[in-house]
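Chain and residue survey
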Amino acid sequence: MSDERRDLIGDCVHCGFCLPTCPTYVLWGEEMDSPRGRIQLMLQQTEGEPLTPAMTGHFDACLGCMACVTACPSGVQYDKLITETRAMVEQVRPPAGRALRAAVFALFPYRRRLEAAKAPLTGYRRLGTPLRRALPATLRTLLDLAPPARRSVRLPAVVPALGRRRARVGMLTGCVQQAFFPGVNAATARVLAAEGCEVVIPPEQGCCGALSRHSGRTAEADRFSAGLDRVFADVDALVVNAAGCGSSLKEHGELASRTRDLSEFLVELGPVAPRHPVPVTAAYHDACHLGHAQGVRAQPRALLRAVPGLDLREIPDAEICCGSAGIWNVLNPGPAAELGDRKARDVLSTGASLLVTANPGCLMQIAAAVRRAGASIRLAHTAEVLDASIRGVRP
């Protein structure tokens, strides 16, 4: 065990500031399902304790939302600790657990496979409730989360800047984003072009590796991110519109120093495209890997508040994760639904007619919870709201 890991563990003074921000501790009130409890388990492991099934269960229960990193007054780097620990857990995971994760990861990082999965979803939605309940919980949750199939949008390899070119940027299209929310990518490209960016969108780009990295599949994640290093080698910045992807790319690979979240990049660049009124009451949801992991909170709010006619409202208990957390909601459907239902109640309490966020997983998770509540609210990515304002249309 490295001295650096021991030092990172030793930074925790067990003060408890992390407890009220940790989703699993909020749900269960169990010390070992809190950040400081998991750090105590990591300490035991460094001192020779084996990774038992009980111990790994507490690590698997962590959403990796990083709310504890934001809350910690001692600067504990829990993000590094849990990533390293999950890689160790994968080495001792029983065959059944490996098989389930192998099946999930045979689908999610691959856009074409996700595209092919759209057709079966249409048929699934026609099934009666008894038939849906007969499906395994993981499969049922996966299918319930998927949004209605949308027509694919083919983006050109290069979108020219409108007016004077101010930057040449790469745009990550992602896996889930491009398969299930292609309109978000189209809106992102239009907004960047309107703000004077030449947008490079290599058709051969693949997964960034975020889902794999956050699940302890480090070698797989490194292969994915290395592929992006090659195709985006000659851009001023890599602009990302999915929070989890941006968080991972900022920490690993040659693109780390040039990766920017869309809202972060647009605020740094400064607006030139005129905005038209969008008369709507909107609630903004902080995706965990944008707010907690990247520290990008003010920028999306600044962009939204600059839209004429938009009334922005804050969501109560905003620091608590919605329960998506990459594939956590697929592997832990019960507690994920509890967190989703809690988030849906908080969102609906704002009275907003539109929910805005910057991550496809959050959009799917909250949409499913709102449906369970028998309510409705329009959902949009930040890019779609900005695009609507620039073009003078309804988001």
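In this report, the structure presented in the accompanying data block is examined. (Residues numbered from 1 in each chain as written. Predicted model: local features only at pLDDT ≥ 70, side-chain atom pairs only at ≥ 80, totals over all residues. Heavy atoms only, no water.)

1. Some remarks on the overall build of the chain
A count of helices and strands for the chain gives 23 helices and 9 strands. In terms of overall dimensions, the chain is globule-like: its C-alpha atoms have a radius of gyration of 21 Å, near the 21 Å expected for 395 residues. Taken over the C-alpha atoms alone, the chain extends approximately 60 × 50 × 40 Å along its principal axes. By the burial criterion, 54% of the 395 residues in the chain qualify as buried. When the accessible surface of the chain is totalled, it reaches about 16,500 Å², and 55% of it is carbon and sulfur. Across the chain, the 46 positively charged side chains and the 38 negatively charged ones have centroids separated by 9 Å. (Helix = DSSP H or I, 4+ residues; strand = E, 2+ residues; numbered from the N terminus. Rg over C-alpha atoms; globule rule 2.2 N^0.38 Å. Buried < 20%, exposed > 50% of the residue type's maximum accessible area, 1.4 Å probe, protein only. Areas by Shrake-Rupley, 256 points an atom, 1.4 Å probe, with all protein chains shown as cover. Lys, Arg positive; Asp, Glu negative; His and termini not counted. Charge placed at Lys NZ, Arg CZ, Asp CG, Glu CD.)

2. Looking at the sheet that holds strand E8 (residues 354–357)
The strand order across the open sheet built from 4 strands is E7-E6-E8-E9, with neighbouring strands paired in parallel fashion. Two strands in the sheet have a free side with no partner beyond their single neighbour: strand E7 (310–313) and strand E9 (378–381). Sheet twist, expressed as the mean angle between neighbouring strand axes with direction ignored, is 30°. Judged from the 3 bridges that link them, strand E6 (residues 280–284) and E8 form a sheet pairing that is parallel. Bridged to alanine 283 within E8 is leucine 355. (Pairing = 2+ DSSP bridges. Axes fitted to C-alpha atoms, helices over the stretch in contact; angles between N-to-C directions.)

3. Thoughts on the side chain of arginine 93
On the secondary structure map, arginine 93 appears in the loop between helix H6 (78–92) and helix H7 (95–105). Assessed through its relative accessible area of 9%, arginine 93 is described here as buried. Here the side chain of arginine 93 touches glutamate 90 through a polar contact of 2.6 Å, side chain to side chain. If we ignore the near neighbours within four places in the chain, the residues touching arginine 93 are Asp60, Arg98 and Arg101. (Polar contact = N/O pair within 3.5 Å; in protein donor to acceptor, adjacent residues only side chain to side chain. Contact = heavy atoms within 4.5 Å.)

4. Overview of the sheet that holds strand E5 (residues 259–261)
Overall, mixed pairing links the 5 strands, which are arranged E1-E3-E2-E4-E5 in an open sheet. The open sheet terminates on both sides in strands that have one partner only, identified here as strand E1 (158–159) and E5. Bridging between strand E2 (residues 167–171) and strand E4 (residues 237–240) involves 3 bridges; their strand directions are parallel. What sits directly across from valine 169, in E4, is alanine 237. Those strands touched by helix H13 (residues 182–194) are E1, E2, strand E3 (197–200) and E4, and its axis lies near 145° from that of E3. Most of the contacts of helix H17 (residues 262–269) go to E5, to which it runs at about 95°, and overall it touches E2, E3, E4 and E5.

5. Here's the deal with the environment of asparagine 185
Take asparagine 185: it is sitting in helix H13. Judged by its relative accessible area of 0%, asparagine 185 is buried. Residues asparagine 185 and arginine 98, 87 residues apart in the sequence, show an inter-C-alpha distance of 33 Å. The contact partners of asparagine 185, leaving out residues within four places of it in the chain, are Leu155, Met171, Leu172, Thr173, Gln177, Gln178 and Asn241.

6. So, the pattern of salt bridges
Once the charged atoms of two side chains with opposite charge are near each other, the side chains can pair. On inspection of all chains with the given rule, the structure shows 24 salt bridges. Here arginine 6 and aspartate 3 are joined by a salt bridge, their closest N and O atoms 3.5 Å apart. On the criterion of helical spacing, the pair formed by arginine 6 and aspartate 3 is a turn pair, its members being 3 residues apart in helix H1 (residues 3–10). Overall, the relative accessible area of 57% leaves aspartate 3 in the exposed class. Across the pair arginine 36 and glutamate 31 runs a salt bridge, and its minimum N-O distance is 2.7 Å. Residue glutamate 31 is classed as partly exposed on the basis of its relative accessible area of 27%. Three or more residues joined by partner-sharing salt bridges are found here, namely Asp60, Glu90, Arg93 and Arg101. (Salt bridge = Lys/Arg side-chain N within 4 Å of Asp/Glu carboxyl O.)

7. Description of empty space enclosed by the protein
Under the definition given, this model contains 3 cavities of 30 Å³ or more. What the largest cavity holds in volume is close to 120 Å³. Broken down by element, the residue count for the lining of the largest cavity peaks at 3 residues, all from helix H3 (residues 35–46). Looking at the lining of the largest cavity residue by residue, the classes come out as 12 nonpolar, 3 polar and 1 charged. Residue lining of the second largest cavity: 13 residues in total, with Cys22, Pro23, Cys62, Gly64 and Cys65 positioned closest to the centre. Only helix H2 (23–28), H3 and helix H5 (67–71) provide two or more residues apiece to the lining of the second largest cavity. For the lining of the second largest cavity, the residue count by class is 10 nonpolar, 2 polar and 1 charged. (1 Å grid on protein atoms, 1.4 Å probe; cavity = no way out; pocket = protein on both sides within 12 Å on 5 of 7 lines; lining within 4 Å. Points joined across faces, edges and corners; volume = space filled by probe spheres on them. Nonpolar A, V, L, I, M, F, W, Y, C, P; charged D, E, K, R; others polar.)

8. Looking at the environment of glutamine 44
Structurally, the position occupied by glutamine 44 is in helix H3. The spatial distance from the C-alpha of glutamine 44 to the C-alpha of glutamate 264 is 40 Å, given a sequence separation of 220 residues. Excluding its chain neighbours within four sequence positions, the residues that come into contact with glutamine 44 are Glu49 and Met55.

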